[in-house]
Amino acid sequence: MKYQVLLFDLDHTLWDYETNSRETLIELHEHYKLAEKGILETEFLTAFYRINNELWDQYDRGLLHRDVIRNERFHRIFQTFGLDNYALSLKLSDDYIHQSPQKGNLVEDCVEILEYLQPRYPMVIVTNGFEEIQATKLHSSGIHHFFKSIVTSARAGHKKPAKEIFEFALTESGFQPHQAIMIGDNLLTDIAGAANANIDTVFFNPNGQACPTTVNHEIKALRELMNFL
Ligand SMILES: [Mg+2]
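From a predicted model like this one, the values you see are computed outputs, not experimental measurements.

Cut-offs used in this document
Residues numbered from 1 in each chain as written. Predicted model: local features only at pLDDT ≥ 70, side-chain atom pairs only at ≥ 80, totals over all residues. Heavy atoms only, no water. Domains from an automatic or database assignment. Contact = heavy atoms within 4.5 Å. Buried area = accessible area lost by both parts, 1.4 Å probe. Polar contact = N/O pair within 3.5 Å; in protein donor to acceptor, adjacent residues only side chain to side chain. Donors = N, O, S within 2.8 Å, 3.2 Å for Na, K, Ca; no water. Helix = DSSP H or I, 4+ residues; strand = E, 2+ residues; numbered from the N terminus. Buried < 20%, exposed > 50% of the residue type's maximum accessible area, 1.4 Å probe, protein only. 1 Å grid on protein atoms, 1.4 Å probe; cavity = no way out; pocket = protein on both sides within 12 Å on 5 of 7 lines; lining within 4 Å. Points joined across faces, edges and corners; volume = space filled by probe spheres on them. Nonpolar A, V, L, I, M, F, W, Y, C, P; charged D, E, K, R; others polar. Phe/Tyr/Trp six-rings, centres within 6.5 Å; stacked < 30°, edge-to-face > 60°. Pairing = 2+ DSSP bridges. Axes fitted to C-alpha atoms, helices over the stretch in contact; angles between N-to-C directions.

> I'd like a description of the domain arrangement of the protein chain, backed by residues and values.
Here the domain parsing of the protein chain yields domain 1 (5–15 + 105–227) and domain 2 (17–102). Centre-to-centre, using C-alpha coordinates, domain 1 lies 26 Å away from domain 2. If you look at the interface, domain 1 gives 16 residues, while domain 2 gives 15 residues. For the pairing of domain 1 and domain 2, the buried interface totals around 1400 Å² over both sides, and the portion due to carbon and sulfur atoms is 57%. If you look at where domain 1 meets domain 2, you find 5 residue pairs in polar contact (both at pLDDT 80 or more).

> Break down the coordination of the magnesium ion for me, with residues and values.
Bound to the magnesium ion are the protein donor atoms Asp9 (OD), Asp11 (O) and Asp185 (OD), situated 2.1 Å from the metal. Donor residues for the magnesium ion, ordered by position in the chain, follow D-x1-D-x173-D. One end of the pair, Asp11, is in the loop between β1 (5–8) and α1 (17–31); the other, Asp185, is in the loop between β4 (180–184) and α9 (187–196), and 174 residues separate them in sequence. Asp185 gets classed as buried once you look at its relative accessible area, which sits at 16%.

> If you had to explain the layout of surface pockets to someone new, which residues and values would you point to?
Regions of empty space are outlined by a rolling probe, equal in size to a water molecule, passed over the atoms. Empty space within the largest pocket amounts to approximately 1000 Å³. Taken together, 33 residues form the lining of the largest pocket, with Asp11, His12, Asn53, Asp185 and Asn186 sitting closest to its centre. Looking at the lining of the largest pocket, the elements with two or more residues in it are α1, α2 (41–60) and α9. In terms of residue count, the dominant contributor to the lining of the largest pocket is α2 (6 residues). Class assignment of the residues belonging to the lining of the largest pocket gives a composition of 10 nonpolar, 10 polar and 13 charged. When we break the lining of the largest pocket down by domain, the ones giving at least three residues each are domain 1 (5–15 + 105–227) and domain 2 (17–102).

> So what's going on with the environment of Leu187? Which residues, and what values?
On the secondary structure map, Leu187 appears in helix α9. With 16 residues separating them in the primary sequence, Leu187 and Phe203 have C-alpha atoms 7.2 Å apart.

> Would you mind going over the side chain of Gln134 in detail, with residue names and values included?
In this structure, Gln134 sits in helix α6 (residues 131–140). Using a relative accessible area of 1% as the deciding quantity, one classes Gln134 as buried. In contact with Gln134, other than residues within four places in its own chain, are Leu10, Asp11, Thr127, Asn128, Gly129 and Thr152.

> Give a detailed account of the packing of aromatic side chains, specifying residues and quantitative values.
On inspection of all chains with the given rule, the structure shows 8 aromatic pairs. Aromatic side chains Trp15 and Tyr17 sit 6.2 Å apart centroid to centroid with 75° between the ring planes, which places their arrangement in the edge-to-face category. Of the two residues examined, Trp15 and Tyr17, each falls in the buried class. Here Phe48 and Phe74 contribute two aromatic rings whose centre-to-centre distance is 5.7 Å and whose plane-to-plane angle is 35°, an arrangement assigned as tilted. In this pair, Phe48 sits in helix α2 while Phe74 sits in helix α3 (residues 66–80), placing the two residues 26 residues apart along the sequence. Residue classification places Phe48 among the buried positions, given a relative accessible area of 0%.

> Explain the sheet that holds β1 to me, and be specific about the residues and the numbers.
Sheet architecture is open: 6 strands sit in the order β3-β2-β1-β4-β5-β6, paired in parallel fashion. Edge positions in the open sheet fall to β3 (149–152) and β6 (217–219), since each of these has one partner strand only. The sheet shows a mean angle of 20° between the axes of neighbouring strands, taken without regard to direction. Lying on the sheet, α9 is in contact with β4 and β5 (200–204); it crosses β5 at an angle near 165°.

Here it is, written out as structure tokens:
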């Protein structure tokens, strides 16, 4: 076998961020009676995804601190509806951060693929995020036991795409870059980051976005990993 260890991204690659956040947002919309404040559920969801993606993209490129996502996300969403209530936006933010990781929806075929891979390779999660939040997601979705270790940016002291977080993961598990392959959905953090650490890459691209970067493999579904791993 060419590879001896698999590095996996968590959000959007294994843990179904989209579905889990949507379920949480629908609950919060209901709980805080946002419809009575003139915010329709579908518009609330659309605004969340647009603003959340913008903030995460800026965070990934090192342009803002993570606390800005936490403190500003719902405030900016409210502002798009002409609602200026910072205290309420912080309540939603706290609830969202607490409740969303407790959702257990996974990307299609995730468990079947991890069951297939586990006897063949040690697997390591490499994720930008806080220890407790990412651990909660792994436990609530029931996939924690598949992984030899969980490397978060908080623990490694560097976040993807910095090569140091990948080096940290390999040093900890006792492998060299040429023995590893990184599987993830983000061209900057997962793919460019791993390539910069001389690690081969699998771009998980379920939505068929344009792929300008050189990747070793591109897959639309996790089950395609069985074709070469
Ligand atoms: Mg991801």
